[in-house]
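Residues per chain are reported as follows:
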Amino acid sequence: MATLARLQARSKFVAQQYYFRNSVVDIFRKKEYDAAVKIQSWFRGCQVRAHIRNLHRVATIIQKWWRSYSGRQEYQLIVKFASCAMKMNLYNAMAVRIQRRWRGYRIRKYCFNYFYLKEYLKAVSETNDAIREALEEFAEMKEREEKKADLEREEKKRDYQARKTHYLLSTKQIPGIYNSPFRKDPDPWELRLQKAKPLTYQRSKVKQKRCISLSSWLACTSARSFPRSEILPPIDRKQCQGPFRDITEVLEQRYKPLEPTLWVAEPISELKVAREEFRRQEWMRDVNDNMFLPFSSYHKNKKYTPLMHSSSKYGPNSYGSQHFRDENPKKWICDKDFQTVLPSFDLFSKYGKLYSKAGQII
Amino acid sequence: MSQRQVLQVFEQYQKARTQFVQMVAELATRPQNIETLQNAGVMSLLRPLLLDVVPTIQQTAALALGRLANYNDDLAEAVVKGDILPQLVYSLAEQNRFYKKAAAFVLRAVGKHSPQLAQAIVDCGALDTLVICLEDFDPGVKEAAAWALGYIARHNAELSQAVVDAGAVPLLVLCIQEPEIALKRIAASALSDISKHSPELAQTVVDAGAIAHLAQMILNPDSKLKRQVLSVLSQIAKHSVDLAEMVVEAEIFPVVLTCLKDKDEYVKKNASTLIREIAKHTPELSQLIVNAGGVAAVIDCIGSCKGNIRLPGIMMLGYVAAHSENLAMAVIISKGVPQLSVCLSEEPEDHIKAAAAWALGQIGRHTPEHARAVAVTNTLPVLLSLYMSTESSEDLQVKSKKAIKSILQKCTYLPALEPFLYDAPPNILKHVVGQFSKVLPHDSKARRLFVTSGGLKKVQEIKAEPGSLLQEYINSINNCYPEEIVRYYSPGYSDTLLQRVDSYQPLTH
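Note that this is a predicted model, so its numbers are computed, not measured.

Asker: How do you make sense of the overall build of chain B when you look at a structure like this?
Answerer: For chain B, the count of helices and strands is 35 helices and zero strands. Burial status across chain B gives 51% buried among its 509 residues. Put simply, 70% of the contacts in chain B that link residues at least 6 apart link residues at least 24 apart. With an accessible surface of roughly 23,200 Å², chain B has 52% of that area assigned to carbon and sulfur atoms.

Spelled out as structure tokens, the structure:
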């Protein structure tokens, strides 16, 4: 109880105390309240600001990351485009290069090549120059030749003239007309006359009759056939040592004229040729070719007299018409009849012109 | 005694006949005697003498007849009507060479006048005997026969065909190979007469192997032979490409060019004709000629001669230039244009001028480069004056107009074009203004020059129908300049300026 009493005793004090204390507190309550409010506001302010700051920081970080991400994305895109464009540019440039080459090649090959044309034209003009030069040379050469020929002709003419008038040459006693004594030098013509050979009177050669018979061919006249012994063999040639024939004999043998055999010496048609010749002579002498017949109807009045053979009453002999080859001309090989020629004796024609085996003349 | 007297009568008669024939033959050589002889009835007197017993009289009679027939075609017709030809043809085969020669001469003299007379000879069957005469041993007879055949063949294709059918060509080709120059000449001329008519006839000549022999003879020193040889080759080459190639293949090319330097004018002419006939066919053949230096030689040849001899050369240049622009360029660098313009201004004859104008047109029509080369030589004014001249022939006018047009349409060389603004007729002015309208928008220097030289003023003065091509050209020229300048140069501008002065009210304070 004591406690209670103590408590009771003290309650009064406590109540006083309580009151007192409350009153003290009340005195400072407002102040403290305000202070507390201030403190709290400050604190809360700080707190909120810190929070907001925190939020800002976080937002910034988020934004940073996001922006960097999106920026990177964009950048990637741009880089992609740029590289693409760069590549395309490169490809285009390369394509242009290829096309350029190809087009140039194709045009040059199939359509038009400037350098080729230039070269061609150059070559043409060079050829032209060469041709012009060559032709010029050719023309000059021709002209020279012509001039030369002219000069020669002139010279020949003058020479001939000099030869023709050679009698005008001065002699020791009498000066010629080109060598006037009143002049210092003789005329050049005088010198020419001196050099010239006087023209001799030439008798016109009698034309040799052209002979066409076989004998004329065989007479060894031409230079191409056997040489004739016009040049005499040397006289003082010594006899060669050995079993040789006498040199004159050998030479005679070597250069003897051709002596054809009787077989070929005379032409087969000699008779015909002679007749021809005779007829020609006659024709030359005749005034008229046709035989002169006094009456135009002479041949009409002429009576036909048959042959004895055909008019014989015994009939013709069959010899001529049946036994011989004349009978059937169709069977002939050539269309001419045989010519009758007598064979020659070989032995006779060669007599005295052959050597025997022993070397003796037969 | 009495026989002697009788024979003397005959002798006298023969002498008189001989003398008569000889005198007639002599007289017939002079043209002034011919009419008298004709009136005296010489034909009827000569005819029986052709059948005379004495060969000399026959020959001389034939000679006299030939000379008479040679003179004009009336007498030749008289020979045909007098039935002399069958007799001649008959004896052509029979008689000696002198008579053959004389008879062939008569045939030639008759046949040369007209196709009808030549046909009459053919109808007589003369061709076969003439061909036989070509086989004769004597060159004189061959020559006469070849001559007669050539004169018959030259008229038309049918007669030529008849000659070919008679088998003359191989023999003529043989005649070319003979050593006698005269025979070669005549045979070549006959071949040329045969081959000139048609490709088939030319082909027969080629088939007979003529070209090789002819090509060898180009270098022959005899100029008359050269003429004929070149003429045959050109007559062969003119027909077709194949024939021209055959001729070229005979390796005539550098050799022919020497003939262009020959002394003889006709050799030159025939040589350039040959080159022309070859060049005209294809660009390849032309190119061959260009590569052989033929163009330069032809140009030199044109420079060295006058008149008609130039003509084939001028045409050859035209043909070569017409084929392609490269060939035209080759002509230009061979200095062909100045030579042609010399021809154009020097030659008195219209047809040669026309050919030169044509050739220039062919050269200048390809590219501006070509046109410039032509314009630089100052040929355009000459062409224009030829076109405008009333003395020029119609052909020349047409050709020069065409040339001017084709050159102007390519020409971008303005200094040469400017004079045309002043003195060209409207139909040409159109092309000139057109060229200016094409060039001026791209060339500032030329624009300036055009103004200072007064061209712009002239253009403003041209009266063009609105909507026409000319007006369009003028408009496109005007578009190249600021408006003030155009207005400044347009006619009547000073009046408008003055009007503005009148109407101007000065500001008064």
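Asker: Help me understand the packing of helix H21 (residues 294-304) of chain B against helix H24 (residues 336-346) of chain B in this model?
Answerer: Packed helices, taken two at a time, are described by their axes: the angle between them and the distance between them. Residue and element names in this part refer to chain B. Running from amino to carboxyl end, H21 crosses H24 at an angle of 25 degrees, the nearest separation of the two axes being 10 Å. Accordingly, the angle class assigned to the pair H21 and H24 is roughly parallel. Note that H21 runs across H24; the crossing there is left-handed. Residue-level inspection shows Ile-299, Ile-302 and Gly-303 of H21 in contact with H24, the latter providing Gly-336, Gln-339 and Cys-343. In the contact of H21 with H24, the residues fall into three nonpolar, three polar and no charged.

Asker: What's the story with unusual backbone geometry in this structure? I'm lost.
Answerer: The bulk of non-glycine residues show a negative phi, and the bulk of peptide bonds are trans. Although it is not a glycine, B:Asp83 adopts a positive phi angle of roughly 55 degrees. Even without a glycine there, the phi angle at B:Asn378 is positive, about 65 degrees.

Asker: Please clarify how the nonpolar core should be interpreted in this entry.
Answerer: Within soluble globular proteins, side chains that are nonpolar tend to cluster in buried spots. Residues B:Ile252 and B:Ile278 are the most contacted members of the largest nonpolar core, which totals 185 residues. With sequence-adjacent residues up to four places away left out, B:Ile278 is seen in contact with B:Ala237, B:Val247, B:Val248, B:Ile252, B:Phe253, B:Leu285 and B:Ile289.

Asker: What should I look at first to understand the interface of chain B and chain A in this one?
Answerer: At the interface, 26 residues of chain B touch 22 residues of chain A. For the interface between chain B and chain A, the tally reads three salt bridges. Here B:Lys263 and A:Glu146 are joined by a salt bridge, their closest N and O atoms 3.0 Å apart. Broken down by secondary-structure element, the contributors of at least two residues to the side of chain B that touches chain A are helix H1 (2-27), helix H18 (253-259), helix H20 (283-291), H21 and helix H23 (325-333) of chain B. By residue number, the principal contributor to the side of chain B that touches chain A is H23(B), which donates five residues. Here the side of chain B that touches chain A is built from residues that sort into 13 nonpolar, seven polar and six charged.

Asker: Can you help me understand the side chain of B:Ser192 in this one?
Answerer: Residue and element names in this part refer to chain B. Following the sequence through the fold, Ser-192 ends up in helix H13 (residues 181-195). When its relative accessible area of 4% is taken as the criterion, Ser-192 is described as buried. One polar contact links Ser-192 to Ser-231, side chain to side chain, over a distance of 3.1 Å.

Asker: Sorry, what's going on with the pattern of salt bridges here?
Answerer: Taken as a whole and assessed by the stated rule, the structure comprises 27 salt bridges over all chains. The salt bridge involving A:Asp34 is made with A:Lys30; its shortest N-O contact spans 3.6 Å. A residue pair is termed a helical-turn pair when its members lie 3 or 4 positions apart in one helix, as A:Asp34 and A:Lys30 do in helix H1 (residues 2-111) at four residues. Using a relative accessible area of 57% as the deciding quantity, one classes A:Lys30 as exposed. When the shortest N-O distance is used, the salt bridge between A:Arg132 and B:Asp300 registers 3.0 Å. Residue A:Arg132 is located in helix H2 (residues 114-164), and its partner B:Asp300 is located in helix H21; the two belong to separate chains. A:Arg132 gets classed as buried once you look at its relative accessible area, which sits at 16%. Taking relative accessible area as the criterion, B:Asp300 reaches 21% and is therefore assigned partly exposed. Within the structure, one salt-bridge network assembled from shared partners comprises B:Lys306, B:Arg310, B:Glu346 and B:Glu347.

Asker: Explain H2(A) to me, please; I cannot follow it from the model alone.
Answerer: Along an α-helix, a turn takes 3.6 residues, which lines up residues three or four apart on a common side. Here H2(A) spans 73 Å end to end across 51 residues, near enough to the 75 Å set by a 1.5 Å rise per residue. Residues of H2(A) that are buried include every one of A:Leu117, A:Tyr120, A:Leu121, A:Val124, A:Asn128, A:Ile131, A:Arg132, A:Leu135 and A:Ala162, and no others. Contacts from the buried residues of H2(A) go to helix H3 (188-195) of chain A together with H18, H20, H21 and H23 of chain B. Its side-chain oxygen 3.2 Å from the backbone nitrogen of A:Phe115, A:Asn113 forms the N-cap of H2(A).

Asker: Help me out: how do you make sense of the environment of B:Cys301 in this one?
Answerer: Residue and element names in this part refer to chain B. Relative to the helices and strands, Cys-301 is located in helix H21. The class for Cys-301 is buried, based on a relative accessible area of 3%. Cys-301 sits 40 residues away from Lys-261 along the chain, and the two C-alpha atoms are 6.8 Å apart. For Cys-301, the residues in contact, after removing those within four places along its chain, are Leu-260 and Lys-268.

Asker: Help me understand the packing of aromatic side chains, please; the structure alone is not making it clear to me.
Answerer: Aromatic ring pairs are defined here through the distance separating the ring centres and the angle between the ring planes. For the structure on display, the rule yields nine aromatic pairs over all chains. Each ring, one from A:Tyr178 and one from A:Trp189, has its centre 6.2 Å from the other, and the planes form 65 degrees; the classification is edge-to-face. Within this pair, whereas A:Tyr178 is found in the loop between H2 and H3, its partner A:Trp189 is found in helix H3, the two being separated by 11 residues in sequence. Here A:Tyr178 falls in the partly exposed class, since its relative accessible area comes to 24%. You can call A:Trp189 buried: its relative accessible area is 15%. Taken together, the ring pairs in this structure connect B:Tyr488, B:Tyr489 and B:Tyr493 into an aromatic cluster. Over the ring of B:Tyr13 we find B:Arg17; its NZ or CZ atom is 4.4 Å from the centre of that ring.

Asker: Any chance you could explain a nonpolar patch on the surface here in plain terms?
Answerer: Residue and element names in this part refer to chain A. A cluster of nonpolar side chains, contributed by Met-88, Leu-90, Tyr-91 and Met-94, occupies part of the molecular surface with about 390 Å² of accessible area. Structurally, Tyr-91 can be placed in helix H1. What makes Tyr-91 partly exposed here is its relative accessible area of 48%.

Asker: Can you help me understand the confidence of the model for chain A in this one?
Answerer: Low-pLDDT portions of the prediction should not be read for the details of their coordinates. Per-residue confidence for chain A gives a mean pLDDT of 79; residues scoring 70 or more make up 72%. A low-confidence stretch, residues 209-229 of chain A (pLDDT under 50), is modelled with 16 contacts involving residues beyond four sequence positions or located in other chains.

Asker: What's the story with a positive patch on the surface in this structure? I'm lost.
Answerer: A cluster of like positive charges, contributed by A:Arg97, A:Arg100, A:Arg101 and A:Arg108, occupies part of the molecular surface. The exposure class assigned to A:Arg100 is exposed, which follows from its relative accessible area of 53%.

Asker: Is there a simple way to think about the environment of B:Glu277 in this case?
Answerer: Residue and element names in this part refer to chain B. Inspection of the secondary structure assignment puts Glu-277 in helix H19 (residues 265-279). Through-space distance from the C-alpha of Glu-277 to that of Ser-234 is 6.1 Å; in sequence the pair is 43 residues apart. One polar contact links Glu-277 to Arg-276, side chain to side chain, over a distance of 2.7 Å.

Asker: Sorry, what's going on with the packing of helix H6 (residues 84-94) of chain B against helix H7 (residues 97-111) of chain B here?
Answerer: All names here are of chain B. The N-to-C vectors of H6 and H7 enclose an angle of 145 degrees; their axes lie 9 Å apart at closest approach. Considering the relative orientation of H6 and H7, their crossing is left-handed. Between H6 and H7, the residues in contact are Leu-85, Leu-88, Ser-91, Leu-92 and Ala-93 and Tyr-99, Lys-100, Ala-103, Ala-104, Val-106 and Leu-107, respectively. Its residues placed into classes, the contact of H6 with H7 shows nine nonpolar, one polar and one charged.

Cut-offs used in this document
Residues numbered from 1 in each chain as written. Chains lettered and ligands numbered in written order. Predicted model: local features only at pLDDT ≥ 70, side-chain atom pairs only at ≥ 80, totals over all residues. Heavy atoms only, no water. Helix = DSSP H or I, 4+ residues; strand = E, 2+ residues; numbered from the N terminus. Buried < 20%, exposed > 50% of the residue type's maximum accessible area, 1.4 Å probe, protein only. Contact = heavy atoms within 4.5 Å. Areas by Shrake-Rupley, 256 points an atom, 1.4 Å probe, with all protein chains shown as cover. Axes fitted to C-alpha atoms, helices over the stretch in contact; angles between N-to-C directions. Parallel < 35°, antiparallel > 145°, perpendicular 65-115°, else oblique. Left-handed = near helix turned anticlockwise from the far one by under 90°. Nonpolar A, V, L, I, M, F, W, Y, C, P; charged D, E, K, R; others polar. Core = buried A, V, L, I, M, F, W, Y, C linked by side-chain atoms within 4.5 Å. Salt bridge = Lys/Arg side-chain N within 4 Å of Asp/Glu carboxyl O. Polar contact = N/O pair within 3.5 Å; in protein donor to acceptor, adjacent residues only side chain to side chain. Expected span 1.5 Å × (residues − 1). Phe/Tyr/Trp six-rings, centres within 6.5 Å; stacked < 30°, edge-to-face > 60°. Lys NZ or Arg CZ within 6 Å of the ring centre and 35° of its normal. Patch = residues over 30% accessible without salt bridge, like charges linked within 9 Å, V, L, I, M, F, W, Y side chains within 5 Å. pLDDT = per-residue confidence, 0-100. Lys, Arg positive; Asp, Glu negative; His and termini not counted. Charge placed at Lys NZ, Arg CZ, Asp CG, Glu CD.

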